[in-house]
Amino acid sequence: ERTLLNWFDLAATLTIVGAALQSGRNTFAVQSVGLALSCPAAAFVLYALRMYALRFNSLEYKRPQNFEDQGGTLLLALLLTVMIVTQSSVAILAAKGSEGGSMRAFAAWPIVA
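From a predicted model like this one, the values you see are computed outputs, not experimental measurements. Every residue gets a number counted from 1 within its own chain, in the order that chain's sequence is written. Under the rules for a predicted model, residues below a pLDDT of 70 receive no local features and side-chain atom pairs below 80 are neither given nor counted, while totals for whole chains, interfaces and linings still include all residues. Note that the side-chain values use all heavy atoms of the structure and ignore hydrogens as well as water.

1. With respect to the nonpolar core
Line of reasoning, step 1. Put simply, a nonpolar core is a bunch of buried Ala, Val, Leu, Ile, Met, Phe, Trp, Tyr and Cys residues held in one set by side-chain atoms that sit within 4.5 Å of each other. Exposure categories follow from relative accessible area, calculated using a 1.4 Å probe and restricted to protein chains: below 20% of the type maximum is buried, above 50% is exposed, and the middle band is partly exposed. Of all hydrophobic cores here, the largest spans eleven residues; its members are Leu4, Trp7, Ala11, Leu14, Leu37, Ala41, Phe44, Tyr47, Ala48, Met51 and Leu76.
Line of reasoning, step 2. Runs of H or I in DSSP of at least four residues are treated as helices and runs of E of at least two as strands, each being numbered from the N terminus. Among the secondary structure elements, those contributing two or more residues to this core are helix H1 (2–22) and helix H3 (38–60).

Spelled out as structure tokens, the structure:
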């Protein structure tokens, strides 16, 4: 099913980015951000499998059912938003701590410069 594959694609992207952040000689803060990306990725996979099983059973046993899920996608979006805000806060606090209170660590970022 296309929806299942789309959710798996998003989860794989989050996992790959998280694994890239965990590898190498990154600081503990960067590695923890990479590890934290696995939480929403796992939630996306579990949600996709749950919805796929629900749809498959409904179609298999020919039970009419509304497949619209009001709360699941909202919960996943909130989880991802909380993770992004938390990770950004950790990165900013780590930069302030490593540079003696200044934000010079972000000057090398192409977005900031």
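2. Observations regarding the packing of helix H2 (residues 28–36) against H3
Line of reasoning, step 1. The contact between H2 and H3 brings their axes to 5 Å, and the two run at 5°. Overall, the two elements H2 and H3 adopt an arrangement that is roughly parallel. Residues Gly34, Leu35 and Ala36 of H2 lie in contact with H3, whose contacting residues are Ser38, Cys39 and Pro40.
Line of reasoning, step 2. In this classification, the charged set is Asp, Glu, Lys and Arg, the nonpolar set is Ala, Val, Leu, Ile, Met, Phe, Trp, Tyr, Cys and Pro, and all remaining amino acids, among them Gly, are polar. Here the residues of the contact of H2 with H3 are counted per class, giving four nonpolar, two polar and no charged. For helices, the fitted axis covers only the stretch in contact; all axes are lines through C-alpha atoms, and the angles between them, taken along N-to-C directions, range from 0 to 180 degrees. Oblique is the label for every angle not falling under 35 degrees (roughly parallel), over 145 degrees (roughly antiparallel), or within 65 to 115 degrees (roughly perpendicular). Only heavy atoms matter for contacts: two residues are in contact if any of them lie within 4.5 Å across the pair.

3. Let's talk about the packing of H1 against H3
Line of reasoning, step 1. One can describe the packing of H1 onto H3 by two numbers: an axis separation of 8 Å at closest approach and a directional angle of 170°. Classified by the interaxial angle, the pair formed by H1 and H3 is roughly antiparallel. Contacts between H1 and H3 involve Thr3, Leu4, Trp7, Phe8, Leu10, Ala11, Leu14 and Thr15 from the first element and Pro40, Ala41, Phe44, Val45, Tyr47, Ala48, Leu49, Tyr52 and Arg55 from the second.
Line of reasoning, step 2. Of the residues in the contact of H1 with H3, the class split is 14 nonpolar, two polar and one charged.

4. Section: the environment of Ala11
Line of reasoning, step 1. Here Ala11 lies in helix H1.
Line of reasoning, step 2. Overall, Ala11 belongs to the buried group, its relative accessible area being 4%.
Line of reasoning, step 3. Residues Ala11 and Phe44 lie 33 residues apart in sequence; the distance between their C-alpha atoms is 6.0 Å.

5. Considering the packing of aromatic side chains
Line of reasoning, step 1. Between 30 and 60 degrees the pair is tilted, below 30 it is stacked and above 60 it is edge-to-face, where a pair is any two Phe, Tyr or Trp rings, Trp via its six-membered ring, whose centres lie within 6.5 Å. Taken as a whole and assessed by the stated rule, the structure comprises three aromatic pairs.
Line of reasoning, step 2. With centroids separated by 5.2 Å and ring planes inclined at 75°, the aromatic side chains of Trp7 and Tyr47 adopt a geometry described as edge-to-face. With Trp7 in helix H1 and Tyr47 in helix H3, this pair connects stretches of sequence that are 40 residues apart.
Line of reasoning, step 3. Given a relative accessible area of 18%, Trp7 falls into the buried group.
Line of reasoning, step 4. Through a chain of ring-to-ring contacts, three or more aromatic side chains come together here, namely Trp7, Phe44 and Tyr47.

6. Observations concerning the environment of Gly34
Line of reasoning, step 1. Tracing the sequence through the fold places Gly34 in helix H2.
Line of reasoning, step 2. With residues near it in sequence (within four places) discarded, Gly34 still touches Gly18, Leu21 and Gln22.

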